[in-house]
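Geometric and topological summary
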Amino acid sequence: MTTSPGVVVVGASAAGLSAAEGLRRSGYDGPVTLVGDEPHLPYDRPPLSKQLLAGEWPAERLSLRSARDYTDLDLRLRLGVPAASLRTSAHLLHLADGSRLPYDTLVVATGVRARTPDGSAAGAGTHVLRTLEDALALREELSGHPRLVIVGGGFVGVEAAAVARALDCEVTLVTGGDAPLTDVLGETVAQMLAEVHREHGVHLVTGSRAVEVLRERGRTVGVRLATGRVVPADAVLAGVGARPNTEWLAGSGVPVGDGVDCDVCLYAGDDVWAAGDVASWPDAVSGERLRVEHRTNATEQGQAVARNILAGRASATAFRTVPYFWSDQYGLRIQVYGRTRGADAVHVVDGSTRQRRFTAVYVRDGHVVGALGIGMFRPLRALRELVAAHAPWPAPHAEAAVLDRRG
């Protein structure tokens with residue numbers, strides 16, 4: 001009797017684990033194989049730039065499930081072996097160790113990898129922050145209190161800056177914007193957070209682009225800016241974004257653009273689905289193609305893919321979500337629903353930026369596309385409904401309903 005090869009999930013990530021668990025919880029009893037390029041069981045990534053980097057958590061605390069849980073889920077684990085190529089015509093996955101895995105259905109959950117400013121690999125004194133090894137190496141570096149230069153004004157950079165200052169490191173953050181996070185949160189909120197960083201001793205170099213990490217005798221010694229200025233450094237953290245891990249799909253027939261190009265149901269064709277940071281899909285409401293690098297989105301998409309695999313293509317449902325993410329900086333918890341990037345306007349609804357306790361809505365083309373809160377979780381939850389409804393703004397009736405629920 002021939003045994004079905006079942007489902008192969010490529011990516012031992014939050015999204016990959018969520019897909020595998022979703023299949024089991026919905027009654028799927030066929031083989032499920034989880035492939036990962038790292039040797040670790042799936043772990044949580046947001047704490048890498050927060051609690052783990054600060055030394056507040058041991059690495060073991062990041063594990064998403066215990067070893068016993070994987071036994072209970074009856075998952076076949078292939079860890080520490082990257083995917084090398086895919087032959088969709090033969091339903092065959094080739095791994096870097098030369099082995100091959102047949103499949104009935106394949107889920108791509110390979111996530112993204114960090115970029116460096118000049119395209120070079122990270123080396124002695126130069127770090128990225130994407131994996132557990134990355135975070136542990138940077139934590140060890142920070143224990144020596146180096147002059148740290150952070151290149152990039154995204155969330156990884158600003159969170160690492162806050163941790164490094166708490167560890168009494170000298171920190172310079174270089175960003176091409178007027179302030180860190182301007183492109184994500186808008187000028188008003190970004191300038192407020194920039195002031196917080198300055199108050200805590202971070203040197204901000206704005207409107208500047210890093211073009212080269214300088215090294216002498218194998219060690220990082222500084223960062224050269226496009227202006228020619230050199231910022232001295234004992235250590236550099238590159239926080240200049242990430243690129244989807246899709247190279248292994250070359251020639252497979254799986255459509256690849258900015259990630260794996262899926263339909264609204266997260267289906268990429270030829271019995272291949274995608275979930276998490278690597279998945280690109282058209283939003284069912286706006287039609288805009290999205291790729292979201294947030295932890296909650298990864299879990300939700302993994303669950304959605306599992307449901308759609310079991311439902312079958314004819315009964316698959318469109319993936320819809322209100323993205324959510326958070327950031328911790330100097331005791332401030334910043335929480336965001338929706339998509340704030342590219343908003344036409346930002347309106348403070350409650351509180352004030354001066355008090356650093358407020359909520360705000362992000363509006364694009366007259367509709368609410370995002371909401372942000374600092375220190376005001378319940379009011380922010382109420383604003384989530386406006387984001388989910390893509391509500392027009394100003395919307396007196398919607399605003400009144402939100403205000404009523406705040407009490």
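The rules behind these values
Residues numbered from 1 in each chain as written. Predicted model: local features only at pLDDT ≥ 70, side-chain atom pairs only at ≥ 80, totals over all residues. Heavy atoms only, no water. pLDDT = per-residue confidence, 0-100. Contact = heavy atoms within 4.5 Å. Helix = DSSP H or I, 4+ residues; strand = E, 2+ residues; numbered from the N terminus. Expected span 1.5 Å × (residues − 1). Buried < 20%, exposed > 50% of the residue type's maximum accessible area, 1.4 Å probe, protein only. Salt bridge = Lys/Arg side-chain N within 4 Å of Asp/Glu carboxyl O. 1 Å grid on protein atoms, 1.4 Å probe; cavity = no way out; pocket = protein on both sides within 12 Å on 5 of 7 lines; lining within 4 Å. Points joined across faces, edges and corners; volume = space filled by probe spheres on them. Phe/Tyr/Trp six-rings, centres within 6.5 Å; stacked < 30°, edge-to-face > 60°.

1. Points about the confidence of the model for the chain
Residues of the chain with pLDDT of at least 70 account for 95%, and the chain-wide mean is 93. With pLDDT under 50 throughout, residues 397-407 is counted as low confidence; its partners more than four residues away or in other chains account for twelve contacts.

2. Quick look at helix H1 (residues 14-25)
Helix length check: H1 (twelve residues) gives 16 Å between terminal C-alpha atoms against 16 Å at 1.5 Å per residue, within 8%. H1 sits mainly inside the fold: eleven of its twelve residues count as buried. For H1, the secondary structure elements touched by its buried residues are strand S1 (7-10), strand S2 (32-36), helix H2 (67-73), strand S7 (105-108) and helix H7 (295-311). At the C-terminal side of H1, glycine 27 shows a positive phi close to 100°.

3. A word on the pattern of salt bridges
All told, the structure shown has 22 salt bridges when counted by the stated rule. Across the pair arginine 147 and aspartate 234 runs a salt bridge whose closest N-O atoms are separated by 3.1 Å. Of the two residues, arginine 147 sits in strand S10 (residues 147-151) while aspartate 234 sits in the loop between strand S15 (230-232) and strand S16 (235-238), which places them 87 residues apart along the sequence. Through salt bridges with shared partners, a single network forms among Glu21, Arg25 and Arg65.

4. A short note on empty space enclosed by the protein
Within this structure, the stated rule accounts for one cavity of 30 Å³ or more. In this structure, the largest cavity encloses a volume near 40 Å³. The wall of the largest cavity is formed by Trp281, Asp283, Leu290, Phe319, Arg320, Thr321, Pro323 and Arg339.

5. Quick notes on the packing of aromatic side chains
According to the stated counting rule, one finds five aromatic pairs in the structure shown. Each ring, one from phenylalanine 155 and one from phenylalanine 325, has its centre 5.1 Å from the other, and the planes form 70°; the classification is edge-to-face. Placement of the pair is phenylalanine 155 in helix H4 (residues 155-166) and phenylalanine 325 in strand S24 (residues 324-329), with a sequence separation of 170 residues. On the basis of an interplanar angle of 70° and a centroid distance of 5.5 Å, the ring pair of tryptophan 281 and phenylalanine 319 is categorised as edge-to-face. With a gap of 38 residues between them, tryptophan 281 in strand S22 (residues 279-282) and phenylalanine 319 in the loop between H7 and S24 connect regions that are remote in the sequence. As far as burial versus exposure is concerned, tryptophan 281 and phenylalanine 319 are alike and both buried. A network of ring pairs unites the aromatic residues Tyr324, Trp326 and Tyr337 as a single cluster.

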